[in-house]
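# Breakdown of the fold
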Amino acid sequence: MSISLRSLILLPIWISMAQIQQGGPDETEKSTALKDLLSRIDLDELMKKDEPPLDFPDTLEGFEYAFNEKGQLRHTKTGEPFVFNYREDLHRWNQKRYEALGEIITKYVYELLEKDCNLKKISIPVDATESEPKSFIFMSEDALTNPQKLMVLIHGSGVVRAGQWARRLIINEDLDSGTQIPFIKRAMDEGYGVIVLNPNENFIEVEKPKIHVQPSSDSSDEPAEKRERRDKIPKDTKKRRDFYEKYRNPQREKEMMQLYIRENGSPEEHAIYVWDHFISQAAAENVFFVAHSYGGLAFVELMIQREAGVKSKVAAAALTDSVHNVWHQEAGKTIREWMRENCCNWVSSSEPLDTSVESMLPDCPRVSAGTDRHELTSWKSFPSIFKFFTEASEAKTSSLQPALTRRSHRIKHEEL
């Protein structure tokens, strides 16, 4: 909110205070009331009085946006990129508009996963009743039957959902950098089965039921102390409270409550659930993980909880700017040793792609993703990740030294 707008809102109150102060000591009580009012006013809430309705379109067409042939979001009439500050000085309204568009983007990406990538939407829990909250993941037709390779994709925390790396990139950059679709298509072209996790879909929201309490004519059940305090409230205090409420006219949003999804109430729970019911039962000899940001933490937690199974099936894990911490997560020595040999973390860095980056933690090697922007690390390291997986697969097949160690040595040799 600009200073000038705040001033316009408060100007009548300041004028009233000045007039009261000129009126002498008899007006002291009114002056005190106005000062009290100023101290209680929430300017953000006050601004909602003149805020346009929080009623937004539910389609891209309604927003007058569409993705062009390059996968960029553009206005259908002006051809301009998305504009966040659609209404000046209404940050909250602009944010709500952005969030509404984000929900449309999420559904749009879901459609692309099914139509463009030919993935199947699988409901979880697998034994859910018709009435209980559910989530879902996406899988290729051969995800569980492919005998050779399976790729598992895990995004980070926040508002992103299955198939996305970063909503901001999808809206402001393009679909290639912001979604997992390039990974999915290349993986399928190279003979991988694919499973796309949905670790942030942990609950559903429903409107809180409104409880109407009928006032009882017999107040004998009310504690005497409470009734006495209520009766002692001065009438002028009640009037003052009503006076304050005249200045508060927020657009009241619905009160919602969260119903958590069984065994999928957090990203970590979700990763373990999908492992137990899908990945561990897949026919693939080699499983490969790509995990971004908090997805890396979820993968490490999966290793801690299912160490033997992960070691037997997973050939390599590519992390992109992972926020895992082997100390805080209490990963054991055998897990740290496995990660050093079979994982690589492409981190945000201004160094060229694949340049070795020093790490303070005794786990997987860290190399530059070729960008210092966290949300871009998956897209920028895209070619290196597939090369890393190919080397890991070849190394396992030929029973040679683990691919990651050879790769790290090659990078260091090139630097020397």
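Residues numbered from 1 in each chain as written. Predicted model: local features only at pLDDT ≥ 70, side-chain atom pairs only at ≥ 80, totals over all residues. Heavy atoms only, no water.

- Looking up the protein in an unreviewed UniProt entry gives the name Cotranscriptional regulator FAM172A isoform X2, with the organism given as Echinops telfairi.

### Observations concerning the pattern of salt bridges
- Within this structure, the stated rule accounts for 13 salt bridges.
- With a closest N to O distance of 3.4 Å, Arg168 and Glu375 form a salt bridge. In this pair, Arg168 sits in helix 6 (residues 167–172) while Glu375 sits in the loop between strand 13 (366–368) and helix 15 (377–380), placing the two residues 207 residues apart along the sequence.
- Shared partners join several salt bridges into a network, and the residues in it are Asp127, Glu132, Arg262 and Glu263. (Salt bridge = Lys/Arg side-chain N within 4 Å of Asp/Glu carboxyl O. Helix = DSSP H or I, 4+ residues; strand = E, 2+ residues; numbered from the N terminus.)

### Some words on the confidence of the model for the protein
- In this model, the protein carries a mean pLDDT of 84, and residues with pLDDT of at least 70 account for 74%.
- Predicted confidence is poor over residues 1–5, with pLDDT under 50, and the contacts of this stretch with residues over four places away or in other chains come to nine contacts.
- Below pLDDT 50 for its whole length, residues 400–416 participates in 36 contacts with residues either more than four positions away or in separate chains. (pLDDT = per-residue confidence, 0-100. Contact = heavy atoms within 4.5 Å.)

### Structural notes on the packing of helix 12 (residues 294–305) against helix 14 (residues 333–342)
- Following both chains from N to C, one finds helix 12 and helix 14 inclined at 130°, their axes separated by 10 Å at the closest point. With respect to each other, helix 12 and helix 14 are oriented oblique. Between helix 12 and helix 14 lies a crossing of right-handed hand. Contacts between helix 12 and helix 14 involve Phe299, Val300, Met303 and Ile304 from the former and Ile335, Trp338 and Met339 from the latter.
- Its residues assigned to classes, the contact of helix 12 with helix 14 shows seven nonpolar, no polar and no charged. (Axes fitted to C-alpha atoms, helices over the stretch in contact; angles between N-to-C directions. Parallel < 35°, antiparallel > 145°, perpendicular 65-115°, else oblique. Left-handed = near helix turned anticlockwise from the far one by under 90°. Nonpolar A, V, L, I, M, F, W, Y, C, P; charged D, E, K, R; others polar.)

### Some details on the pairing of strand 11 (residues 343–347)
- In terms of residue burial, strand 11 counts as a mostly covered element, since five of its five residues are buried.
- Of the two faces of strand 11, the one carrying Cys343, Asn345 and Val347 and the one carrying Cys344 and Trp346 are both buried.
- Pairing between strand 10 (residues 314–320) and strand 11: four bridges, direction parallel. Considered in strand 11, the bridge of Thr320 is made with Trp346.
- Note: strand 11 against strand 13, three bridges, orientation parallel. (Buried < 20%, exposed > 50% of the residue type's maximum accessible area, 1.4 Å probe, protein only. Pairing = 2+ DSSP bridges.)

### With respect to the packing of helix 11 (residues 267–277) against helix 12
- The N-to-C vectors of helix 11 and helix 12 enclose an angle of 55°; their axes lie 9 Å apart at closest approach. Taken together, the axis directions place helix 11 and helix 12 in an arrangement best described as oblique. The two elements helix 11 and helix 12 cross, and the hand of that crossing is right-handed. In this structure, helix 11 uses Pro267, Glu268, Ala271, Ile272 and Trp275 to contact helix 12, whose residues at the interface are Tyr294, Leu297, Ala298, Glu301, Leu302 and Gln305.
- By residue class, the composition of the contact of helix 11 with helix 12 is eight nonpolar, one polar and two charged.

### Some words on the sheet that holds strand 13
- An order of 3-4-6-5-9-10-11-13-12 is seen for the nine strands of this open sheet, with the pairing classed as mixed. A single partner strand is all that each edge strand has here, and the edge strands are strand 3 (120–124) and strand 12 (356–357).
- In this sheet, strand 10 lies alongside strand 9 (residues 286–292) in parallel orientation, the contact comprising six bridges. Along strand 10, the bridge assignment pairs Val290 with Ala318.
- Of the strands in this sheet, strand 5 (149–154), strand 6 (192–196) and strand 9 touch helix 8 (residues 181–189), which is tilted by about 155° from strand 6.

### Description of helix 8
- Those residues of helix 8 lying buried are Ile181, Pro182, Phe183, Ile184 and Ala187.
- Looking one or two places after helix 8, you find Gly191, whose phi comes out positive at around 90°.

### A closer look at the nonpolar core
- Formed by 51 residues in total, the largest nonpolar core has its most connected members in Leu153 and Phe389.
- Excluding anything up to four places from it in sequence, Leu153 contacts Trp165, Gln180, Phe183, Ile184, Val194, Ile195, Val196, Leu197 and Val290.
- Trp275, Val287, Val310 and Leu319 belong to the second-largest nonpolar core, a separate cluster that totals 38 residues. (Core = buried A, V, L, I, M, F, W, Y, C linked by side-chain atoms within 4.5 Å.)

### So, the state of the cysteines
- One pass over the full model with this rule turns up zero disulfides.
- Not engaged in a disulfide, the cysteine Cys343 finds its nearest cysteine sulfur in Cys364; these two sulfurs lie 5.3 Å apart. (Disulfide = S-S within 2.5 Å.)

### Considerations on the side chain of Ser393
- On the secondary structure map, Ser393 appears in helix 16 (residues 382–398).
- Not counting the four nearest positions on each side in its chain, Ser393 is found in contact with Asn286 and Phe288.

### Side note on the environment of Val287
- On the secondary structure map, Val287 appears in strand 9.
- When the C-alpha positions of Val287 and Gln148 are compared, they lie 8.4 Å apart, and in sequence the two are 139 residues distant.
- Each residue touching Val287, except ones within four places of it in the same chain, is listed here: Leu150, Val152, Ile279, Lys313, Val314, Ala315 and Ala316.

### Digging into the environment of Phe389
- With respect to the secondary-structure elements, Phe389 resides in helix 16.
- Excluding its chain neighbours within four sequence positions, the residues that come into contact with Phe389 are Met151, Tyr192, Phe288, Phe289, Val290, Ala316, Ala317 and Ala318.

### Digging into the packing of aromatic side chains
- Applying the stated rule across the entire model yields 21 aromatic pairs.
- Taken together, a centroid distance of 5.5 Å and an interplanar angle of 75° make the contact between Trp165 and Phe183 edge-to-face. With Trp165 in the loop between strand 5 and helix 6 and Phe183 in helix 8, this residue pair connects regions lying 18 residues apart in the sequence.
- The buried category is assigned to Phe183, whose relative accessible area is 0%.
- Ring centres 5.2 Å apart and planes at 70° place the aromatic pair Phe382 and Phe386 in the edge-to-face group. In this pair, Phe382 and Phe386 both sit in helix 16, four residues apart, roughly one turn of the helix. (Phe/Tyr/Trp six-rings, centres within 6.5 Å; stacked < 30°, edge-to-face > 60°.)

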